[in-house]
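Notes for the structure review
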Protein chains: 2
Amino acid sequence: MVVYGSADEAADHLFHALADATRRDIVRRCMRDELSVSRLAQAYPMSFAAVQKHVAVLERAGLVTKRRHGREQLVRTAPEAVRRARRVLDELEATWRGRVDRMARLLGQDPEPGEDSPTKGQEK
Amino acid sequence: MVVYGSADEAADHLFHALADATRRDIVRRCMRDELSVSRLAQAYPMSFAAVQKHVAVLERAGLVTKRRHGREQLVRTAPEAVRRARRVLDELEATWRGRVDRMARLLGQDPEPGEDSPTKGQEK
DNA sequence: CCCATATACAACCATTTAGTTGTATGTTAG
DNA sequence: CTAACATACAACTAAATGGTTGTATATGGG
């Protein structure tokens, strides 16, 4: 799974978090209101602990934040979250059509996968 | 990993495929040119078979297509691919601010996670 | 104070992933 | 034809995932 600089790691976490229907649903729900974890848990056919873990994954990816209110933990989708994911996709396109391609040609080395940036430092 | 109707499944595959830096890099490279699998493999610090598998994951997600040319298999990023991923993100927002919320209120039932559409078909 | 609720977290299990190696099958260049 | 190359695919391993149950710790209401 390679190590990667924090840039790639952030994208890894983001997309990984979105790659599960339950988590996407949590994101949707928590865009409208703040919901406690137990409230959320009631909505899915799985244990409280399982939902707790899903929320943790979303939190690690920066897609939601938690805020304590009394004895409950209110979950809310980070306002900028989905937008941020979209930006990563944009960069995915941009990296190619702009920077990399152009720079490689300027340097006179053809921009093909000869041996450059083997996954590692790519745009980190 | 649960069954899901094909709609969610497609999103699962899409985001899962994007949740790996090597695969994102393959997507970038193959937007510019068509590249053979072995050509791609040279670019990463892993075996040919490993890269082959990454390409398979991308293919399953509809992010790239393969086309035979002689003895090589040329990989190319699906033109519409990234755009499609972005659309899923848009829907993620839209579902909330438009449809679900509004409909639920119209129906007079509060749109909270009581038990409605628990991600649907989540029962494995 | 006592209890029910809301969360946290550890331990465990089954499945998937990401990688490996090894072998088989096509295809093209000589 | 044959050798070298490009791919396909099976089998195996280590680690990560997604889920479970069980236990511990806060907190709020009466």
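Source: prediction; values computed, not measured.

**Thoughts on the overall build of chain A**
Scanning chain A from N- to C-terminus turns up five helices and three strands. Beginning at the N terminus, the succession of helices and strands in chain A can be written as α-α-β-α-α-β-β-α. A burial count over chain A gives 48% of its 124 residues as buried. Of the accessible surface of chain A, which amounts to about 6500 Å², a share of 52% is contributed by carbon and sulfur atoms.

**Remarks on the protein's contact with DNA strand C**
With respect to spatial proximity, 24 residues lie near DNA strand C, and among them A:Ser38, A:Gln73, B:Ser47, B:Lys53 and B:His54 are the closest. The sugar-phosphate share of atoms of DNA strand C within 4 Å of the protein amounts to 63%. In this structure, A:Ser38 approaches DNA strand C through a side-chain N or O atom, which is 2.6 Å from a phosphate oxygen. Elements that contribute at least two residues to the surface near DNA strand C include exactly helix 3 (37-42), helix 4 (48-60), strand 2 (64-69) and strand 3 (72-77) of chain A together with helix 4 (48-60) of chain B. When its residues are assigned to classes, the surface near DNA strand C shows eight nonpolar, eight polar and eight charged.

**Examining the side chain of A:Glu93**
Locating A:Glu93 in the fold gives a position in helix 5 (residues 81-106). Reaching out from A:Glu93, the side chain makes a polar contact with the side chain of B:Arg86 at a distance of 2.6 Å. Those residues in contact with A:Glu93 that lie beyond four places of it in its chain are B:Met31, B:Val82, B:Arg83 and B:Arg86.

**Structural notes on the pairing of strand 3 (residues 72-77) of chain B**
All names here are of chain B. Relative to strand 3, strand 1 (residues 35-36) runs antiparallel, the two sharing two bridges. In the sheet register, Ser36 faces strand 3, and the bridge partner there is Leu74. Bridge count between strand 2 (residues 64-69) and strand 3: six bridges; the pairing is antiparallel. Looking at the pairing, Thr65 lines up with Arg76 of strand 3.

**What about the protein's contact with DNA strand D?**
If you check the shell around DNA strand D, you find 23 residues, and the closest are A:Ser47, A:Lys53, A:His54, B:Ser38 and B:Gln73. Of everything in DNA strand D that lies within 4 Å of the protein, sugar and phosphate atoms constitute 60%. Here a phosphate oxygen of DNA strand D and a side-chain polar atom of A:Arg23 are 3.2 Å apart. Between DNA strand D and B:Val37 there is a distance of 3.3 Å, counted from a phosphate oxygen to a backbone nitrogen or oxygen. Elements with a contribution of two residues or more to the surface near DNA strand D: helix 4 of chain A together with helix 3 (37-42), helix 4, strand 2 and strand 3 of chain B. A class-by-class count of the residues in the surface near DNA strand D yields seven nonpolar, eight polar and eight charged.

**Observations regarding the pattern of salt bridges**
Here the idea is simple: oppositely charged side chains can pair when their charged atoms come close. All names here are of chain B. Scanning all chains against the criterion turns up 22 salt bridges over all chains. Salt-bridge contacts for Glu34 lead to Arg76; the nearest nitrogen and oxygen are separated by 3.7 Å. Taken together, the residues Glu34 in the loop between helix 2 (21-32) and strand 1 and Arg76 in strand 3 connect sequence positions 42 residues apart.

**Concerning the packing of aromatic side chains**
Taken as a whole, this structure holds one aromatic pair over all chains when the rule is applied. On the basis of an interplanar angle of 20° and a centroid distance of 6.2 Å, the ring pair of A:Phe15 and B:Phe15 is categorised as stacked. You can see A:Phe15 sitting in helix 1 (residues 6-18) and its partner B:Phe15 sitting in helix 1 (residues 6-18), one on each of two chains.

**Examining the sheet that holds strand 1 of chain B**
All names here are of chain B. Within the open sheet, the three strands sit side by side as 1-3-2. Their pairing is antiparallel. Unpaired on one side and paired on the other, strand 1 and strand 2 mark the two borders of the sheet. Strand contacts of helix 2: strand 1 and strand 3, with the helix running at about 95° to strand 3, the strand carrying the most contacts. In this fold helix 4 packs onto strand 2 and strand 3, with an angle of close to 120° to the strand it touches most, strand 2.

Calculation rules
Residues numbered from 1 in each chain as written. Chains lettered and ligands numbered in written order. Predicted model: local features only at pLDDT ≥ 70, side-chain atom pairs only at ≥ 80, totals over all residues. Heavy atoms only, no water. Helix = DSSP H or I, 4+ residues; strand = E, 2+ residues; numbered from the N terminus. Buried < 20%, exposed > 50% of the residue type's maximum accessible area, 1.4 Å probe, protein only. Areas by Shrake-Rupley, 256 points an atom, 1.4 Å probe, with all protein chains shown as cover. Near = heavy atom within 4 Å. Polar contact = N/O pair within 3.5 Å; in protein donor to acceptor, adjacent residues only side chain to side chain. Nonpolar A, V, L, I, M, F, W, Y, C, P; charged D, E, K, R; others polar. Contact = heavy atoms within 4.5 Å. Pairing = 2+ DSSP bridges. Salt bridge = Lys/Arg side-chain N within 4 Å of Asp/Glu carboxyl O. Phe/Tyr/Trp six-rings, centres within 6.5 Å; stacked < 30°, edge-to-face > 60°. Axes fitted to C-alpha atoms, helices over the stretch in contact; angles between N-to-C directions.

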